[in-house]
Amino acid sequence: MIMLRVIEFLGLCAPVVGAGLVLYYRRRMGAALGYALVAAALALLGSGIGMLTERAMWFGGGTHGMTERMEFGAGLRNLFLAGAWLLLLVAVRLRREVRA
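Remember, it's a predicted structure, so these values are computed and weren't measured experimentally.

Moving on to helix 3 (residues 32–56). For helix 3, which comprises 25 residues, the first-to-last C-alpha distance of 36 Å matches the rise-based estimate of 36 Å (1.5 Å per residue) to within 8%. Of the residues making up helix 3, those classed as buried are Ala32, Ala36, Ala39, Ala40, Ala43, Gly46, Ile49, Gly50 and Thr53.

On to the environment of Trp85, then. With respect to the helices, strands and loops of the structure, Trp85 is situated in helix 4 (residues 62–99). Counting along the chain gives 14 residues from Trp85 to Glu71, while the straight-line C-alpha distance between them is 21 Å.

This part takes up the layout of surface pockets. Here the largest pocket is characterised by a volume of approximately 230 Å³. Along the wall of the largest pocket there are 17 residues; nearest its centre are Gly18, Val22, Ala36, Ala39 and Leu88. Those elements that place two or more of their residues in the lining of the largest pocket are helix 1 (2–24), helix 3 and helix 4. It is helix 4 that provides the largest number of residues to the lining of the largest pocket, a total of seven residues. Across the lining of the largest pocket, the residue classes tally to 15 nonpolar, one polar and one charged. By volume, the second largest pocket is sized at about 170 Å³. In terms of lining, the second largest pocket is formed by Glu8, Gly11, Leu12, Pro15, Ala43, Ser47, Gly50, Met51, Glu54, Arg77 and Leu81. Of all the elements in the fold, those that place two or more residues in the lining of the second largest pocket are helix 1, helix 3 and helix 4. Residue contributions to the lining of the second largest pocket peak at five residues, all from helix 3.

This next bit is on the packing of helix 1 against helix 3. The geometry of helix 1 relative to helix 3 is characterised by a closest axis approach of 8 Å and an angle of 165 degrees between their N-to-C directions. By the angle class used here, helix 1 and helix 3 are roughly antiparallel. The two elements helix 1 and helix 3 cross, and the hand of that crossing is left-handed. Listed contacts from helix 3 to Arg5, Glu8, Gly11, Leu12, Pro15, Val16, Ala19, Val22 and Leu23 of helix 1 are Leu33, Ala36, Leu37, Ala40, Ala43, Leu44, Ser47, Gly48, Met51, Glu54 and Arg55. Here the residues of the contact of helix 1 with helix 3 are counted per class, giving 13 nonpolar, three polar and four charged.

Together, Ile2, Met3, Val6, Ile7, Phe9 and Leu10 line one region of the surface with nonpolar side chains, adding up to about 650 Å² of accessible area. Along the polypeptide, Val6 turns up in helix 1.

This part is about the side chain of Thr53. As for its placement among the helices and strands, Thr53 is situated in helix 3. With relative accessibility at 14%, the residue Thr53 sits in the buried group. Reaching out from Thr53, the side chain makes a polar contact with the backbone oxygen of Ile49 at a distance of 2.7 Å. Non-local contacts of Thr53, meaning those with residues more than four positions away in its chain, are made with Arg69, Met70 and Gly73.

Rules used in this analysis
- Residues numbered from 1 in each chain as written.
- Predicted model: local features only at pLDDT ≥ 70, side-chain atom pairs only at ≥ 80, totals over all residues.
- Heavy atoms only, no water.
- Helix = DSSP H or I, 4+ residues; strand = E, 2+ residues; numbered from the N terminus.
- Expected span 1.5 Å × (residues − 1).
- Buried < 20%, exposed > 50% of the residue type's maximum accessible area, 1.4 Å probe, protein only.
- 1 Å grid on protein atoms, 1.4 Å probe; cavity = no way out; pocket = protein on both sides within 12 Å on 5 of 7 lines; lining within 4 Å.
- Points joined across faces, edges and corners; volume = space filled by probe spheres on them.
- Nonpolar A, V, L, I, M, F, W, Y, C, P; charged D, E, K, R; others polar.
- Axes fitted to C-alpha atoms, helices over the stretch in contact; angles between N-to-C directions.
- Parallel < 35°, antiparallel > 145°, perpendicular 65-115°, else oblique.
- Left-handed = near helix turned anticlockwise from the far one by under 90°.
- Contact = heavy atoms within 4.5 Å.
- Patch = residues over 30% accessible without salt bridge, like charges linked within 9 Å, V, L, I, M, F, W, Y side chains within 5 Å.
- Areas by Shrake-Rupley, 256 points an atom, 1.4 Å probe, with all protein chains shown as cover.
- Salt bridge = Lys/Arg side-chain N within 4 Å of Asp/Glu carboxyl O.
- Polar contact = N/O pair within 3.5 Å; in protein donor to acceptor, adjacent residues only side chain to side chain.

This is the structure we're talking about:
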């Protein structure tokens, strides 16, 4: 059980590590810096929502209420992670244009 918590914590910290790398290479990033930082923030928010949804599903409403909260949380988490993914694609594209 504790190993699952460690893996969950590492997954939550992954966007923070990504933001740290972006900040470390900020001079090389150019115009892509802002997009990469916003993508890291969205990914962190999405990971946090996923973690909170797992804990909030137990608060009342029976099985139907639990299912609705899980579906809403998963949808919101996926929306934030997809937004972060798209922003990272924009950052990569901007980074390639700077290098060329």
